[in-house]
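So you can see what is in the structure, the chains are spelled out below.
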Amino acid sequence: MRALLHAEVLKLRTTRGPYVYLFLLVALSALLAAANATAAHLLDLADPAFQRDLVSDSVAAPLIALVLGIVSVTAEWRHGTITRTLLLSPRRWRVLAAKEINAFALGVFLALVGLAVAIAVAAPILSRDGTPLQVDGPFAVRMLEIVLASALWGALGAGLGALVQHQAGALVGAILWILLVESLLAALFDALHVDRIDDFLPRHAFNALAGHQAGLSPGASGAVAAGYVAFFAAIAFLRIRRQDIT
Amino acid sequence: MIEVEHLTKRFGATVAVDDLSFSVSPGNVTGFLGPNGAGKSTTLRALLGLVVPDTGSTRVLGRSYVELVRPLERVGAILETAEAHPGRSGRNHLRVLAVGAGIPHTRVDEVLELVDLRDVSRRRVKTYSLGMRQRLALAAALLGDPEVLVLDEPANGLDPQGIRWLRDFLRKLAADGRTVLVSSHVLAEVAQTVDHVVIIHKGRLVRQATMAEVQAMAAGSTVARSPQAGRLGELLEAAGIAVRSMGDGALSIGAPTARVGEIAAANGVVLHELTTPRATLEEVFLELTGGEEP
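Everything quoted here is computed from the prediction, not taken from an experiment.

What counts and how
Residues numbered from 1 in each chain as written. Chains lettered and ligands numbered in written order. Predicted model: local features only at pLDDT ≥ 70, side-chain atom pairs only at ≥ 80, totals over all residues. Heavy atoms only, no water. Helix = DSSP H or I, 4+ residues; strand = E, 2+ residues; numbered from the N terminus. Buried < 20%, exposed > 50% of the residue type's maximum accessible area, 1.4 Å probe, protein only. Contact = heavy atoms within 4.5 Å. Areas by Shrake-Rupley, 256 points an atom, 1.4 Å probe, with all protein chains shown as cover. Buried area = accessible area lost by both parts, 1.4 Å probe. Salt bridge = Lys/Arg side-chain N within 4 Å of Asp/Glu carboxyl O. Patch = residues over 30% accessible without salt bridge, like charges linked within 9 Å, V, L, I, M, F, W, Y side chains within 5 Å. Pairing = 2+ DSSP bridges. Axes fitted to C-alpha atoms, helices over the stretch in contact; angles between N-to-C directions. Parallel < 35°, antiparallel > 145°, perpendicular 65-115°, else oblique. Left-handed = near helix turned anticlockwise from the far one by under 90°. Nonpolar A, V, L, I, M, F, W, Y, C, P; charged D, E, K, R; others polar. Phe/Tyr/Trp six-rings, centres within 6.5 Å; stacked < 30°, edge-to-face > 60°.

Asks: Is there a simple way to explain the overall build of chain B in this structure?
Replies: Helix and strand counts for chain B come out as 10 helices and 13 strands. Structurally, chain B occupies a C-alpha span of about 75 × 40 × 35 Å along its principal axes. For chain B, the proportion of its 294 residues judged to be buried stands at 51%. For chain B, long-range pairs separated by at least 24 residues make up 67% of all intrachain contacts whose partners lie at least 6 apart in sequence. With the model as given, the accessible surface of chain B reaches about 12,600 Å², and the carbon-plus-sulfur share is 49%.

In C-alpha cells form, the structure reads like this:
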C-alpha cells in the first residue's frame, strides 16, 4: 500500500494540472483574505471570533480539494491510464483506498497552504489597524476543523470520481449539487416546516465542520461528513469491484 | 504458462468470447489471431483481470492475475497505446509504475535505453508519435523483467526497423524460456515471428497449432484449371479428395500437385494449369475463419 501511495503522489507531482489548482488556491485565498480584512468594520476586527471567521472563510481549499479529488480519479478513465493502474495493482480495493488516502492528504496539504496564505495576507492588515491576529486555542481548533473539512472534501471527491468516472459529469454534478440542488432541498424542507434535516445534507455538514455556517456541532458535522465519504467510497467500490475495463 | 479454460464473456446480448479454451507454453512466441471482433482483446483483458468472465477461468503462471504477488514482475502487457497520461513525460510515466511496483529507478533507464526512447524520455507523451508511444508501452511491459508477456498489436505504429527489432527481441525473450503471447492483425509479421498460433473466430477457438502444422495445411492445397473441370472434380472426389470449384474451370483441391497430376494423366483429363498457391498463414487463416480478414 505504501508503494501505491507513493505512486499516487508521484502522479500528482508529474502533471501540470495540480500546480494550476495550487496557484488558484494561493491566488483565491490571498484575494479573499485581503478583501475580508479590508472590508471589515474596525470594531469587528478586534473580536477573536470574527478573526477566526475571517481567516477560515478566506481559505479556498475545500472547493479545490473536492475538484482535485474528483480530477485525480476521473483522469484515470479520461486518459485510459486506469488499465495500467489496475495491471500494477489488480486488487481494486487497494487502488481505491490509495486514491482516497491520497485525496485526503491532498486536502490537508491544500488547507495548510490556504491557511498560511490567508494568515500571511490578513495578519499585516489586522496589525496595521491595531488589532493583531489572536492565535489562541479556539483559533487552532477552528483551523484544525477547516483542515479536516478540506481533507474530507478531497476524499469525497475521490469517491465521487470513482463512482461517476466521467470527469466533466462528476465536476458538473458536484458543483450543481453544491450551488443549486442543496439550496433547493433546504428551501423545500423549510417550506414543509421540516426542521434541521438540511443540517445533514452534504454541503451543510461540511460547511458546519469548517465553521462556514451554523448547523450541527463540529463533532456531529464531522461524523456526518465522514459518513458521506464512507458512503461514496463504498458505492464506488461496489461499482468498480467487477467492472469491465475495456 | 498461460491457460484459458472454457472462458465465456457476454456484453449485453453480444457474446464476445464463447467457451474458449487454449494454453500457451513457455519458450515460444504464440500468435493470437482472429478477425476484428473475434474476442481477442476481451480474452487478453480477461487474462489480465481487467474483464470479469461470465464463466470459465484464466490463469497466468498457475494463478489468476489478480492473485499474483508483484504482478509487474511476473507479467508484462501491452493492451493499448493510449495508456500514459498525455501531460506526463515518458520517463515519469515509467517512474510512477516503478514506484508503485517497488522496482528500482535504475530499471527505468534500462528499459528506456532498450526501446530507444532515452533521448525523448523527458518530453511529454502527447508529443510522441504513435511508434514512440508503442515503444513506451513496451518499456512499461518490460519494466519488471517479467516471465510472461501479453502483447496486443505490439508492432502497431512501429517503423520497419522497429518491427524487425521487435521480432528479434520477442524471439530472444522466448529463447530465454519466457512465455510470449502476441495478438496481431499483421499476419505476415506474425508468420515470421511465432512458433504457435491460436486462431479464434466469433469468440470460439478455430485452431491451435504449430506454425509448421499451419504451413503444412497451406502446402497441401492445389489449384487446377481444366476445360474438363467437372470431370476432374468427380475423379478427385471419387479418390476421397476434397474439391471446391472456384469458377472459370478452376478447382481448389485438397491434395498435393503430384497426386492431382497423376489422377488427371491416368484419366486423360487436359490440364491448363496446375499450381501450388504460395503457402501463407493468411490463406489458412481466411479458410478457417470463413474468409474474414483479421
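Asks: What exactly am I supposed to notice about the interface of chain A and chain B here?
Replies: In many reports, interface size means the accessible area that the parts give up when they come together. Across the contact, 25 residues belong to chain A and 38 residues belong to chain B. Here chain A packs against chain B, burying approximately 2,700 Å² in sum over the two surfaces, 59% of which is carbon and sulfur. Three residues stand out in chain A for area buried against chain B, namely R84, L87 and L88 of chain A, and they jointly supply 26% of the buried area on that side. Our count for the contact surface shared by chain A and chain B stands at 2 salt bridges. Between R84 of chain A and E83 of chain B there is a salt bridge, and its shortest N-O distance comes to 2.6 Å. Only α1 (2–13) and α6 (82–88) of chain A provide two or more residues apiece to the side of chain A that touches chain B. Examining the composition of the side of chain A that touches chain B, we find that 6 residues originate from one element, α1 of chain A, more than from any other.

Asks: Would you mind going over a nonpolar patch on the surface with me for this structure?
Replies: A contiguous nonpolar patch, built from V172, I175, L176, L179, L180 and L184 of chain A and spanning about 570 Å² of accessible area, is present on the exposed surface. In this structure, L184 of chain A sits in helix α9 (residues 167–191).

Asks: Would you explain the sheet that holds strand β12 (residues 250–253) of chain B in this entry?
Replies: The strands that make up a sheet pair up through hydrogen bonds in the backbone, lying either parallel or antiparallel. All names here are of chain B. Pairing is antiparallel across the open sheet formed by 4 strands, whose spatial order is β11-β12-β10-β13. Two strands close off the open sheet at either side, each with one partner strand: β11 (243–247) and β13 (273–275). For this sheet, the mean angle separating the axes of adjacent strands, direction not counted, is 20 degrees. Taken together, the 3 bridges between strand β10 (residues 222–225) and β13 define a ladder with antiparallel strand orientation. When the sheet's bridge partners are listed, A224 is paired in β13 with L274. The strands touched by helix α8 (residues 229–238) within the sheet are β10, β11 and β12, with β12 carrying the most contacts at an inclination of about 15 degrees. Its contacts with the sheet put helix α9 (residues 257–266) on β10, β12 and β13, and the angle it makes with β13 is roughly 155 degrees.

Asks: Before we go on, may I ask you to explain the environment of Q134 of chain B in this structure?
Replies: Residue and element names in this part refer to chain B. Relative to the helices and strands, Q134 is located in helix α4 (residues 130–142). Judged by relative accessible area, Q134 falls into the buried class, the value being 2%. In the structure, Q134 is positioned 51 residues away from E83 in sequence and 9.6 Å away in space, judged by C-alpha atoms.

Asks: Honestly, the packing of helix α5 (residues 61–78) of chain A against helix α7 (residues 92–128) of chain A in this entry has me stumped. Any pointers?
Replies: Two packed helices can be described by the angle between their axes and the distance between those axes. Residue and element names in this part refer to chain A. Relative orientation of the contacting elements α5 and α7 amounts to 150 degrees, with a least axis distance of 9 Å. In terms of axis orientation, α5 runs roughly antiparallel to α7. Handedness of the α5/α7 crossing: right-handed. Packed against α5, whose contacting residues are A61, I64, A65, L68, G69, S72, V73 and E76, the element α7 presents K99, A103, L106, G107, L110 and A111 at the interface. Looking at the contact of α5 with α7 residue by residue, the class counts come to 9 nonpolar, 3 polar and 2 charged.

Asks: Is there a simple way to think about the packing of aromatic side chains in this case?
Replies: Residues and elements named next belong to chain A. Inspection of every chain in the model, using the stated rule, returns 4 aromatic pairs over all chains. When the ring of W153 is compared with that of F206, the centres are 4.1 Å apart and the planes differ by 25 degrees; the resulting orientation is stacked. In this pair, W153 sits in helix α8 (residues 137–164) while F206 sits in helix α10 (residues 202–210), placing the two residues 53 residues apart along the sequence.

Asks: Even after reading the chapter, I still don't get the sheet that holds strand β2 (residues 14–24) of chain B, so can you show me in this structure?
Replies: All names here are of chain B. Reading across the sheet, the 3 strands line up as β2-β1-β4 and stay open at both edges, with antiparallel pairing between neighbours. The strands lining the two open edges of the sheet, one partner per strand, are β2 and β4 (55–60). Here the average twist between neighbouring strands, direction ignored, is 20 degrees. Pairing of strand β1 (residues 2–11) with β2, which is carried by 7 bridges, proceeds in the antiparallel orientation. The residue bridging F11 from the neighbouring strand is T14, located in β2. Packing of helix α1 (residues 40–47) onto the sheet brings it into contact with β1, β2 and β4, and relative to β1 it is tilted by some 120 degrees.

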